[in-house]
Amino acid sequence: MEKYKELYNLSKEVLNEELSRFARIDDKAAKYLSILTLVAGVSGFFGKWLIDNLIPPKTITEWALVILCAFLFIMIFVSWFLIFNVLRIHTIIKMPLDAETIDFFDNNELIDIYYTLAKGNKDALAENRKITNLKSQRLYRGYVSIIISGIILTLFLAIFVIHSWNEPKKTKKVEGGITMADDKKQDTTSQGGDSKPEVVKPNPGIKPPNYGIVTEGFDPSKIK
């Protein structure tokens, strides 16, 4: 009797440990999904900037940024797909508590109950281990995909800094290679170095033309 009781307790403990492993994998997948959401947000920001500024690409660094951004979005999608599938699998097997279970305890001896439940726990453990191993494999692949996404994002940021540093400053120029600032400087120097505009005043000595007398309205002398 005691050995079958110990066998049942052992099977129950191992089954509970497998269920705990199942829950730990789900918890890790939820954390990885949070990290992946952050990486996707940063990538989306730079992706929008790339579309607005570097399409179509012209230089080597611009082509490198476009290619890295494309690979980054692919790896983010793969990572999301794997992690989401980990969280989507929730099928586990465990002993129910229903009328059939109660009848089983009522209709059988204690030694048979221990032995039969131990065999049931063994079968449930085998099925649960298959499911948990599948979740574990997808979680590992998702983890690797997230690491690769992080490496690609780091390379993208490094090349982005290099591109921003080497980008020539745009200056407006006029004919003859003179900038607008130089043109304004020449205008001010030609006026004696005074940057203030010259005040123009009228000549008070000029006389206006002679004003004639104009009669408006009814004139009775013009009536015949």
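Below you will find a few notes about this structure.

About the criteria used
- Residues numbered from 1 in each chain as written.
- Predicted model: local features only at pLDDT ≥ 70, side-chain atom pairs only at ≥ 80, totals over all residues.
- Heavy atoms only, no water.
- Helix = DSSP H or I, 4+ residues; strand = E, 2+ residues; numbered from the N terminus.
- Buried < 20%, exposed > 50% of the residue type's maximum accessible area, 1.4 Å probe, protein only.
- Contact = heavy atoms within 4.5 Å.
- Axes fitted to C-alpha atoms, helices over the stretch in contact; angles between N-to-C directions.
- Parallel < 35°, antiparallel > 145°, perpendicular 65-115°, else oblique.
- Left-handed = near helix turned anticlockwise from the far one by under 90°.
- Nonpolar A, V, L, I, M, F, W, Y, C, P; charged D, E, K, R; others polar.
- Core = buried A, V, L, I, M, F, W, Y, C linked by side-chain atoms within 4.5 Å.
- Phe/Tyr/Trp six-rings, centres within 6.5 Å; stacked < 30°, edge-to-face > 60°.
- Lys NZ or Arg CZ within 6 Å of the ring centre and 35° of its normal.
- Patch = residues over 30% accessible without salt bridge, like charges linked within 9 Å, V, L, I, M, F, W, Y side chains within 5 Å.
- Areas by Shrake-Rupley, 256 points an atom, 1.4 Å probe, with all protein chains shown as cover.
- Salt bridge = Lys/Arg side-chain N within 4 Å of Asp/Glu carboxyl O.
- Lys, Arg positive; Asp, Glu negative; His and termini not counted.
- Charge placed at Lys NZ, Arg CZ, Asp CG, Glu CD.

### Section: the overall build of the chain
Here's step 1: A count of helical and extended segments in the chain gives five helices and zero strands.
Here's step 2: From first element to last, N terminus to C terminus, the chain shows the α and β order α-α-α-α-α.
Here's step 3: Within the chain, buried positions represent 24% of all 224 residues.
Here's step 4: For the chain, the share of sequence-separated contacts (at least 6 apart) that also reach a separation of at least 24 residues comes to 84%.

### Notes on the environment of Phe104
Here's step 1: Summarising the element assignment, Phe104 is placed in helix α3 (residues 99-107).
Here's step 2: Those residues in contact with Phe104, other than ones at most four positions away along the chain, are Asp112, Ile113, Thr116 and Leu117.

### A look at the packing of helix α2 (residues 60-88) against helix α4 (residues 110-166)
Here's step 1: Two elements in contact, α2 and α4, have axes whose closest approach is 8 Å; the angle formed by their N-to-C orientations is 160°. Classified by the interaxial angle, the pair formed by α2 and α4 is roughly antiparallel. In this structure, α2 crosses over α4, and the sense of that crossing is left-handed.
Here's step 2: Taken together, the residues of the contact of α2 with α4 break down into 21 nonpolar, seven polar and four charged.

### Topic: the nonpolar core
Here's step 1: Core analysis: the biggest nonpolar cluster contains 23 residues, and Leu50, Leu65, Ile83, Leu139 and Phe156 have the highest contact counts within it.
Here's step 2: For this core, the leading source of residues is α2, giving nine residues.
Here's step 3: The residues touching Leu139, leaving out its near neighbours within four places in the chain, are Ile25, Lys28, Ala29, Tyr32, Ile83 and Val86.

### What about the packing of aromatic side chains?
Here's step 1: Summed over the entire model, instances satisfying the criterion amount to nine aromatic pairs.
Here's step 2: One aromatic cluster in this structure is built from Phe45, Phe46, Trp49, Phe156 and Phe160.
Here's step 3: Here the basic side chain of Lys135 rests over the ring of Phe22, its NZ or CZ set 4.6 Å away from the ring centre.

### Quick word on a negative patch on the surface
Here's step 1: Together, Asp98, Glu100, Asp103 and Asp106 make up a negatively charged patch on the protein surface.
Here's step 2: Within the fold, Glu100 resides in helix α3.
Here's step 3: When its relative accessible area of 63% is taken as the criterion, Glu100 is described as exposed.

### Focus: the pattern of salt bridges
Here's step 1: Inspection of the entire model under this criterion finds eight salt bridges.
Here's step 2: Of the charged contacts in the structure, one is a salt bridge between Arg21 and Glu18, with a shortest N-O distance of 2.8 Å. Residue Arg21 and its partner Glu18 are both found in helix α1 (residues 2-53); the two are separated by three residues, about one turn of the helix.
Here's step 3: Taking relative accessible area as the criterion, Arg21 reaches 23% and is therefore assigned partly exposed.
Here's step 4: The exposure class of Glu18 is buried, given its relative accessible area of 5%.

Take it as geometry only, folks, not as evidence of what the structure does.
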